[in-house]
Amino acid sequence: MGELDIQTGVTGIVLTGADASTVTVDGNGDAAVLLGAITSTNNPGPDLTVNSEGGVTMTSANINTGTLTVAVDNGGVAGAVTGSFGSLTAVIVSIAGSAGNDTLTFTGGVAAGGSLDINTAATVNLASQTYSAVGELDIQTGVTGIVLTGADASTVIVDGNGDAAVLLGAITSTNNPGPDLTVNSEGGVTMTSANINT
């Protein structure tokens, strides 16, 4: 029980399993899980489940048609912790904190071939990238606020496809002037509020 580090000095992590199998990374003891850039040998290939009783740092993940599930502070006893993620690509992406007091930060965008759920966090930080799903795109359930962290004249794009809903919590911007926000949906859109300055 302690820090689980497969990131320091690691160029890449390759998942070698078959379709419908699962790689599980399980961090305990209220300590961080650190993961380098993750790819998959097979397409379709394995799913990836990451559980941590503390924070999670993931350089990036592209697991083709696998399902990516990450539970930050999954014991709910570590207090306010942080999940930090580079670019993520999978067929289904589900990232969640616990108890609504965690911070989830995304710096590289997310591409989900199915649904995209980012839930249960005090703050979800979105860099100026594209966050897309072919299915429901939910960054509202259990989320107190979404913060756009990009620079002036950059754009955060939320792109919902597949005739499914886009659900967004209360949106603010770190910078003033700050980034633009574009929301596309082939279904409905529910947005709690938005104040993105200029």
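It should be noted that the structure appears before, not after, this text.
Residues numbered from 1 in each chain as written. Predicted model: local features only at pLDDT ≥ 70, side-chain atom pairs only at ≥ 80, totals over all residues. Heavy atoms only, no water.

Trainee: Is there a simple way to explain the overall build of the chain in this structure?
Mentor: Check the secondary structure of the chain and you find zero helices and 21 strands. Rg of the C-alpha trace for the chain: 16 Å, near the compact-globule value of 16 Å for 198 residues, within the 12% margin. Overall, the C-alpha framework of the chain stretches about 45 × 35 × 30 Å when taken along its three principal axes. Within the span of the chain, comprising 198 residues, buried residues form 42% of the whole. Counted over contacts in the chain with a minimum sequence separation of 6, partners at least 24 positions apart contribute 46%. With an accessible surface of roughly 7,900 Å², the chain has 49% of that area assigned to carbon and sulfur atoms. (Helix = DSSP H or I, 4+ residues; strand = E, 2+ residues; numbered from the N terminus. Rg over C-alpha atoms; globule rule 2.2 N^0.38 Å. Buried < 20%, exposed > 50% of the residue type's maximum accessible area, 1.4 Å probe, protein only. Contact = heavy atoms within 4.5 Å. Areas by Shrake-Rupley, 256 points an atom, 1.4 Å probe, with all protein chains shown as cover.)

Trainee: Looking at this structure, how should I read the side chain of D117?
Mentor: With respect to the element layout, D117 can be found in strand β13 (residues 116–119). Residues within four places of D117 in sequence aside, it is in contact with V93, S94, I95, E136 and D138.

Trainee: I would appreciate a short explanation of the nonpolar core in the present structure.
Mentor: A general tendency of soluble globular proteins is for nonpolar side chains to be buried together. Counting 43 residues, the largest nonpolar core has M58, L68, F85, L88 and F106 as its most contacted members. Setting aside residues no more than four positions away along its own chain, L88 makes contact with M58, S60, A61, L68, V93, I95, F106, G109, V110 and A111. (Core = buried A, V, L, I, M, F, W, Y, C linked by side-chain atoms within 4.5 Å.)

Trainee: What am I meant to see in the pairing of strand β7 (residues 67–71) here?
Mentor: For a regular strand, side-chain orientation follows a simple rule: the groups alternate between the two sheet faces. Here β7 shows a buried face lined by L68 and V70 and an unburied face lined by T67, T69 and A71. Pairing of strand β5 (residues 47–52) with β7 involves four bridges; the strand directions are parallel. Bridge assignment links N51 to a residue of β7, and that residue is A71. As paired elements, β7 and strand β10 (residues 92–96) share five bridges and run parallel to each other. What sits directly across from V70, in β10, is I95. (Pairing = 2+ DSSP bridges.)

Trainee: In this structure, what is going on with the environment of D152? I would like to understand it.
Mentor: Checked against the element boundaries, D152 lands in the loop between β17 (143–148) and β18 (155–161). Accessibility expressed as a relative area gives 47% for D152, which makes it partly exposed. Put simply, D152 and A170 are 18 residues apart on the chain and 20 Å apart in space, counted from C-alpha to C-alpha.

Trainee: Explanation requested: the packing of aromatic side chains in the structure shown.
Mentor: One pair of aromatic rings is described through two measures. These are the centre distance and the angle between the planes. Within the structure shown, the criterion is met by one aromatic pair. For the pair F85 and F106, a centre-to-centre distance of 5.2 Å together with 20° between the ring planes defines the contact as stacked. In this pair, F85 is assigned in strand β8 (residues 82–85) and F106 in strand β11 (residues 103–106), connecting sequence segments 21 residues apart. For F85, a relative accessible area of 2% corresponds to the buried category. Taking the relative accessible area as the measure of exposure, F106 reaches 1% and is therefore buried. (Phe/Tyr/Trp six-rings, centres within 6.5 Å; stacked < 30°, edge-to-face > 60°.)

Trainee: Explain the environment of L15 to me, please; I cannot follow it from the model alone.
Mentor: Mapped onto the elements, L15 comes out in strand β2 (residues 13–15). Placed 59 residues apart in sequence, L15 and N74 show a C-alpha to C-alpha distance of 23 Å. Apart from the residues within four sequence positions on either side, L15 is in contact with V23, I38, T39, S40, T41, P46, L48 and I63.

Trainee: Would you mind going over unusual backbone geometry with me for this structure?
Mentor: For residues other than glycine, phi is negative in most cases, and the peptide bonds are mostly trans. In this structure, the amide linkage connecting N43 to the following residue, P44, adopts the cis form with an omega of 5°. Assignment of secondary structure puts P44 in the loop between β4 (33–40) and β5. Residues N176 and P177 are joined by a peptide bond in cis, for which omega reads 5°. Positive phi is not limited to glycine here, since D30 has a value of about 55°. Considering the arrangement of structural elements, one finds D30 in the loop between β3 (22–27) and β4.

Trainee: Please clarify how the environment of N119 should be interpreted in this entry.
Mentor: With respect to the secondary-structure elements, N119 resides in strand β13. Contacts of N119, omitting those with residues within four sequence positions, involve I95, A96, G97, L104, D138, T141 and V143. From its side chain, N119 meets the backbone oxygen of D138 in a polar contact 3.4 Å long. (Polar contact = N/O pair within 3.5 Å; in protein donor to acceptor, adjacent residues only side chain to side chain.)

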